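Observations on the model geometry
Here's the letter readout for the chains.
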Amino acid sequence: MGPHPAVAAIRLAVRRVLHDILNDQHAFVGHPDRTAERLPSPLVLVACSGGADSMALASALAFEAPKLGVRAGGVTIDHGLQPGSGLRADEVALRLRELGLDPVESVAVTVGRDGGPEAAARDARYTALDTVAERHGATAVLLGHTRDDQAETVLLGLARGSGIRSLSGMAAVSGAGGRYRRPFLELDRQTARKACMVQSLPVWDDPHNADPAYTRSRLRHEGLPALEKALGKGVVEALARTAQLSRDDADALDAWASQAEASVRDAAGLLECAKLYALPPAVRRRILRRAAIEAGAPAGSLFARHIEEVDRLITGWRGQGAINLPGKVVAQRQGGRLVIRQG
């Protein structure tokens, strides 16, 4: 008799990602005919909060990695935002070791205030994960985001009005060199929780996930249930599907913009307004955004409204002055050229 269907589902998702990691390693080394045994055994870490999603992921990694010759470790982040968080992080680290993961680290971080509490915690978390991965030479870090998390991310992007890239949600592979992998984006949250229950894995439910002070929490407990009540079941699946379709479209537009950028610059490398005007708006605005980031504007602080203002220097030119962008970057039109630089 095989494992419970929920356990089989999470293991299959992790197995597929581990195969992808090994295939990427073969391609990087340049010897696809070499076996995993002849190549250095890659280290894959799981980022684990102790919640059901990440504990299910850790258990699946611990089960699948040895069969593929992959070393498996874990890391838990103590954000220091709740009383007793340090002890809780130590407990999670102990559970990861009991699963057979090695190395395992518990890392305390200081959460700032930039961008709000959720964004600040996320920034601190990823900075710590990058540091741990680099210190241990890890090939990849697995994250336990599920299809439900993806649906929430799409709705949050829709509420911000940030465009198709924001609607594409979380990528299955992201980070420098494809470091971050999300095996559970096609699995729902209940599957992960069920897998923990049938394996008798203890899980911790973060009270912040039920705190209405946090936008994502309100969306999870109020917004999505209201949508399902109004529109019927299947909203989460539809939103996750929208994310993938949006990502495909956004990737295609990004590629178009990358190819078109050289054709709209003059010999000195300045953007020519007339040539920019001739491009479709979606392509033109991507070029403008990229130019602003290259000039020093922080990507996380550069919103659609900023790019729309810069775009009006091209499509609605009436002699207006310079546009101030985040990072002390200034965009202005000069003699038929668009100049974007540090102010």
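Just above, that's the structure.
Summary of the structure given here. Keep in mind that what you see is a predicted model, and the values were worked out from it rather than measured. (Residues numbered from 1 in each chain as written. Predicted model: local features only at pLDDT ≥ 70, side-chain atom pairs only at ≥ 80, totals over all residues. Heavy atoms only, no water.)

What follows deals with the side chain of His-79. Within the secondary structure layout, His-79 lies in the loop between strand S2 (71–78) and helix H3 (85–98). A distance of 3.0 Å separates the side chain of His-79 from the side chain of Arg-125, its partner in a polar contact. (Helix = DSSP H or I, 4+ residues; strand = E, 2+ residues; numbered from the N terminus. Polar contact = N/O pair within 3.5 Å; in protein donor to acceptor, adjacent residues only side chain to side chain.)

Taken together, the buried positions of helix H7 (residues 189–198) are occupied by Arg-189, Thr-191, Ala-192, Ala-195 and Cys-196. Count one or two residues on from H7 and you reach Ser-200, which has phi positive near 60°. (Buried < 20%, exposed > 50% of the residue type's maximum accessible area, 1.4 Å probe, protein only.)

This model, assessed by the stated rule, comprises one aromatic pair. Pairing Tyr-126 with Tyr-180 gives two aromatic rings, centres 5.1 Å apart and planes at 85°, and the pair type is edge-to-face. With a gap of 54 residues between them, Tyr-126 in helix H4 (residues 117–136) and Tyr-180 in strand S6 (residues 180–181) connect regions that are remote in the sequence. Overall, Tyr-126 belongs to the buried group, its relative accessible area being 19%. Among the residues examined, Tyr-180 registers a relative accessible area of 4% and is labelled buried. When the ring centre of Phe-63 is taken as origin, the NZ or CZ atom of Arg-11, which lies over that ring, is 3.5 Å away. (Phe/Tyr/Trp six-rings, centres within 6.5 Å; stacked < 30°, edge-to-face > 60°. Lys NZ or Arg CZ within 6 Å of the ring centre and 35° of its normal.)

This next bit is on the sheet that holds strand S10 (residues 337–342). In space, the four strands of this open sheet follow the order S7-S10-S9-S8, with antiparallel pairing throughout. Among the strands making up the open sheet, the edge pair consists of strand S7 (271–272) and strand S8 (323–325). Its contacts with the sheet put helix H11 (residues 281–294) on S7, S8, strand S9 (329–334) and S10, and the angle it makes with S10 is roughly 35°. (Pairing = 2+ DSSP bridges. Contact = heavy atoms within 4.5 Å. Axes fitted to C-alpha atoms, helices over the stretch in contact; angles between N-to-C directions.)

Right, let's talk about the sheet that holds strand S1 (residues 43–47) for a bit. Strand order in this open sheet of six strands is S3-S2-S1-S4-S6-S5, and the pairing throughout is mixed. A strand with exactly one partner marks an edge of an open sheet, and here the two such strands are strand S3 (104–108) and strand S5 (173–174). By the bridge criterion, five bridges tie S2 to S3 in an arrangement that is parallel. Its bridge partner being in S3, Gly-74 is matched across the sheet by Val-104.

Turning to the pattern of salt bridges, a few remarks are in order. Scanning the entire structure with this criterion turns up 26 salt bridges. Between Arg-290 and Glu-261 there is a salt bridge, with the nearest N and O atoms lying 3.4 Å from each other. Of this pair, Arg-290 sits in helix H11 while Glu-261 sits in helix H9 (residues 235–261); the two residues are 29 residues apart in sequence, bridging distant segments of the chain. Look at Arg-290 and you get partly exposed, because its relative accessible area is 25%. Arg-337 is the partner of Asp-266 in a salt bridge, and the nearest nitrogen-oxygen pair spans 2.7 Å. Here Arg-337 lies in strand S10 and Asp-266 lies in the loop between H9 and S7, a separation of 71 residues in the sequence. Taking the relative accessible area as the measure of exposure, Asp-266 reaches 18% and is therefore buried. Ionic contacts of the salt-bridge type, sharing partners, join the residues Asp-149, Glu-152, Arg-189, Arg-216 and Arg-220 into one network. (Salt bridge = Lys/Arg side-chain N within 4 Å of Asp/Glu carboxyl O.)

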